[in-house]
Amino acid sequence: MNWAQSLSHPGGGTPAEHPSTMDGGALAAQILQEQQVKYVFAINGGHTFPLLANLRSHGIKLIHMRHEQACAYAADAYARTSGTPGVCSVTAGCGLTNAVTGLCVAGLTGSAVVCIAGQHPTTEDSLGSFQEAYGAEICRTFSKFVKRVIDWSTIQMDLRQAFREATTPPQGPAVVEIPTNLLYHGDEVSKQRRGARVYDPDALRSQGDPRAVERTLELLLSAERPLIAAGDGIFWSRAAAELGELAELTHIPTYTRRAGQGAVPEDHPLAVCGAWKKPFTGRADVVLAVGFKFWSGEHFGAPPTWNDAARYIQIDAVPSRIGWHVPAEVAIVGDPKLVLRQLIDTAKRAGLDFSRHQLAPWLQEVADVRASYQRMIDERERGTRESVPVHPDHLARTLCEVIDRDATVVIDSFTLSGWMTQWLTARFPGQVVDAGPLAPVGHGVGMAIGAQLARPGKQVVLVIGDGGLGIGGWDIETALRYDLPIITVLWNNSSWGPSFEQMPLLKGRTDPFNMLDNIRYDRMFEVLGCHSEHVAEPSHLRPALERACTAGRASLVNVIGDKRIGHPRLGGNLLGSTQV
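Residues numbered from 1 in each chain as written. Predicted model: local features only at pLDDT ≥ 70, side-chain atom pairs only at ≥ 80, totals over all residues. Heavy atoms only, no water.

All right, on to the overall build of the protein chain then. Scanning the protein chain for helices and strands turns up 22 helices and 20 strands. Taken over the C-alpha trace, the protein chain has a radius of gyration of 25 Å; the compact-globule value for 580 residues is 25 Å, and the two agree within 12%. The dimensions of the protein chain, computed from C-alpha atoms along their principal axes, are 75 × 65 × 45 Å. The 580 residues of the protein chain split such that 57% are buried. Considering only residue pairs separated by 6 or more positions, the protein chain has 76% of its internal contacts joining residues 24 or more positions apart. As presented, the protein chain carries roughly 23600 Å² of accessible surface, and 52% of it is formed by carbon and sulfur atoms. (Helix = DSSP H or I, 4+ residues; strand = E, 2+ residues; numbered from the N terminus. Rg over C-alpha atoms; globule rule 2.2 N^0.38 Å. Buried < 20%, exposed > 50% of the residue type's maximum accessible area, 1.4 Å probe, protein only. Contact = heavy atoms within 4.5 Å. Areas by Shrake-Rupley, 256 points an atom, 1.4 Å probe, with all protein chains shown as cover.)

Rendered as structure tokens:
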């Protein structure tokens, strides 16, 4: 049976006649079911019909998106909020190239995403085949695993290997291309190659060297200004409870970042928040980094953000990440959850007394800096409450006061990211989702959909700019179609960036990066059935947000913002921490 014939017989044969025969799509769906996949984010295409045709029969729900980029974004956010792999599927050629930015975001954030892509037949390489492209080569630079399936007998093994690679440290995207002459082909299941068993993460955890654990406790006990820094590794190993227990046992201030943000709730007395971290990261004399990556947002571990005279201890499941950015004096290769438990149990058995940390000036500084910072932003925001157009400081504070304490917040606005960071209190890992180091815009709606499916019954709040909405906004229709009550708060400043007053390099040298003023996006999405609000006056903001949060369906609050106001710390410096 050739590809064209198979379009009307997607099983590659009649199951009643050949119960032991499956086509490639059924084989792939079987692996997804085996891995307990609940959702596949996809856009249909002839190159992937056999897979899509077999999802429902294997208990998997198809979430059909509006753009392949959003498929990848949704899978990424699903992974970074559920802690289990997110799966997307795209058709050949343009389908895969459309998904590349989303997959690259997953690569740079270390997210467990599996992408199954269609591809032209292997027999048509370099002949000008329909939608011919080579996704494995395109995605290789940012993916953890790429594979072009070249033989029908390895479809299931290759997919199992994709899940193995995506979910084991360091987590990352796995891309599997299945050419149509293999995906549509039906044959005896017994011909599938065995191998690449996928293990539960608990089965692959390992403890650290006991001698390094003891040395770590010695350094922490003797430190005058100790600090714990915890990152993505805490999220993926589900180690929030152990992190909090160690922090409280040792009375050590703890800074959490990326997917680990909130592992020690940011309203906890020991929590150091990113907005006011530098007095602590820059002066700590001993730093215990747990699953923590010193990426550009951390200035690569360099001063003055971090203290180059500090003694560093690194715990990571991946040996190559230890000593990568900072010269770790103590290296512990192991699962963060188990190593933290080792530290706690060893300290208790030895009767180590950390009580002096509790009374030290260092811990009092945390309380003092927190209180001083809160007074500063409170006074600053009070001065913006009557501003017209709405000031981002007032929007961020009001939103953070209105939403639920356990709401998942997706950030898709350069300007609002800085203001939200100053007002939002993260209370559990995976609560805040953004686009990470790649920092595109337009990811927010797709990510909100993935997060809402991962956290049914909980608020998912998207903060997005009008630039991002223009790129990815139409997937609000997807949220409506699947009854996903995501709350979209739009910063509509009719511009791609702050005014040129904050970008002197460009002032007077090019045209402004503006859009049509005050577009009524609320009316556009109201037509689709979205609960919509329009806010042009600050007095209307809180009631509009409250109505959106209780609407019970996808909602959009169109806030007319002040284009003259940029990011609170970076202004017009879109390069962030990068030096030029």
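Attention now moves to empty space enclosed by the protein. On inspection of all chains with the given rule, the structure shows two cavities of 30 Å³ or more. The calculated volume of the largest cavity comes to roughly 60 Å³. Considering the residues around the largest cavity, the lining is formed by Asp232, Gly291, Phe292, Lys293, Phe294, Gln314, Asp316, Arg321, Trp324 and His325. Looking at side-chain class alone, the lining of the largest cavity contains three nonpolar, three polar and four charged residues. Here the second largest cavity defines a volume of roughly 30 Å³. (1 Å grid on protein atoms, 1.4 Å probe; cavity = no way out; pocket = protein on both sides within 12 Å on 5 of 7 lines; lining within 4 Å. Points joined across faces, edges and corners; volume = space filled by probe spheres on them. Nonpolar A, V, L, I, M, F, W, Y, C, P; charged D, E, K, R; others polar.)

Before going further, it helps to examine the environment of Gly172. Note on placement: Gly172 falls in the loop between helix H7 (155–167) and strand E7 (174–179). Look at Gly172 and you get buried, because its relative accessible area is 3%. With 94 residues separating them along the chain, Gly172 and Glu266 place their C-alpha atoms 27 Å apart. With near-sequence residues (within four places) excluded, Gly172 lies in contact with Gly110, Ser111, Ala112, Val113, Lys144 and Ala166.

So, about the sheet that holds strand E3 (residues 61–64). In space, the six strands of this open sheet follow the order E3-E2-E4-E5-E7-E6, with parallel pairing throughout. Looking at the sheet topology across the chains shown, the edges are occupied by E3 and strand E6 (145–148). Ignoring strand direction, the axes of neighbouring strands in this sheet form an average angle of 20°. Bridging between strand E2 (residues 39–42) and strand E4 (residues 86–90) involves two bridges; their strand directions are parallel. Note on E4: the bridge partner recorded for Ala42 is Ser89. Sitting on the sheet, helix H4 (residues 68–82) touches E2, E4 and strand E5 (113–119), and the angle it makes with E4 is about 170°. (Pairing = 2+ DSSP bridges. Axes fitted to C-alpha atoms, helices over the stretch in contact; angles between N-to-C directions.)

Further remarks concern the packing of helix H16 (residues 392–402) against helix H17 (residues 414–423). Any two packed helices are characterised by the angle at which their axes cross and by the distance between the axes. Contact geometry for H16 and H17: axes closest at 9 Å, N-to-C directions at 45°. Comparing the axis directions of H16 and H17 gives the class oblique. Along this stretch, H16 crosses H17, giving a crossing that reads as right-handed. Of the residues in H17, those touching H16 at Pro392, Asp393, Leu395, Ala396, Arg397, Leu399 and Cys400 are Leu416, Trp419, Met420 and Trp423. A per-class count over the contact of H16 with H17 returns nine nonpolar, no polar and two charged. (Parallel < 35°, antiparallel > 145°, perpendicular 65-115°, else oblique. Left-handed = near helix turned anticlockwise from the far one by under 90°.)

This next bit is on the sheet that holds strand E14 (residues 330–333). What the six strands build is an open sheet, ordered E11-E10-E9-E12-E13-E14; its pairing is parallel. The open sheet terminates on both sides in strands that have one partner only, identified here as strand E11 (271–272) and E14. Both strand E13 (residues 311–316) and E14 contribute to a ladder of four bridges, which runs parallel. Bridge pairing in E14 links Asp316 to Val333. Contacts from helix H11 (residues 240–250) reach strand E9 (226–230), strand E10 (254–256) and strand E12 (286–290), with the element oriented near 175° to E9.

Formed by 55 residues in total, the largest nonpolar core has its most connected members in Phe41, Met65, Cys88, Leu103 and Ile449. In terms of residue count, H4 provides more of this core than any other element does, eight residues in total. Apart from the residues within four sequence positions on either side, Cys88 is in contact with Val40, Phe41, Cys71, Ala72, Ala75, Leu103, Val113, Val114, Cys115 and Ile116. Core analysis: the second largest hydrophobic core is formed by 50 residues, Tyr255, Tyr373, Leu541 and Val557 among them. (Core = buried A, V, L, I, M, F, W, Y, C linked by side-chain atoms within 4.5 Å.)

This paragraph deals with helix H22 (residues 541–549). Within H22, burial applies to Leu541, Ala544, Leu545, Ala548 and Cys549. For H22, the angular spread of the buried residues around the axis is 130°, confining them to a single face. Contact partners of the buried residues in H22: H16, strand E18 (487–492), strand E19 (531–535) and strand E20 (555–560). (Arc of directions from axis to C-beta.)

In the structure shown here, the tally under the stated rule is 12 aromatic pairs. Relative to Tyr78, the ring of Tyr39 lies with its centre 6.0 Å away and its plane at 75°, an arrangement referred to as edge-to-face. Of the two residues, Tyr39 sits in strand E2 while Tyr78 sits in helix H4, which places them 39 residues apart along the sequence. By the ring-pair criterion, three or more aromatic residues cluster together here, those being Tyr255, Phe292, Phe294, Trp306 and Tyr312. (Phe/Tyr/Trp six-rings, centres within 6.5 Å; stacked < 30°, edge-to-face > 60°.)

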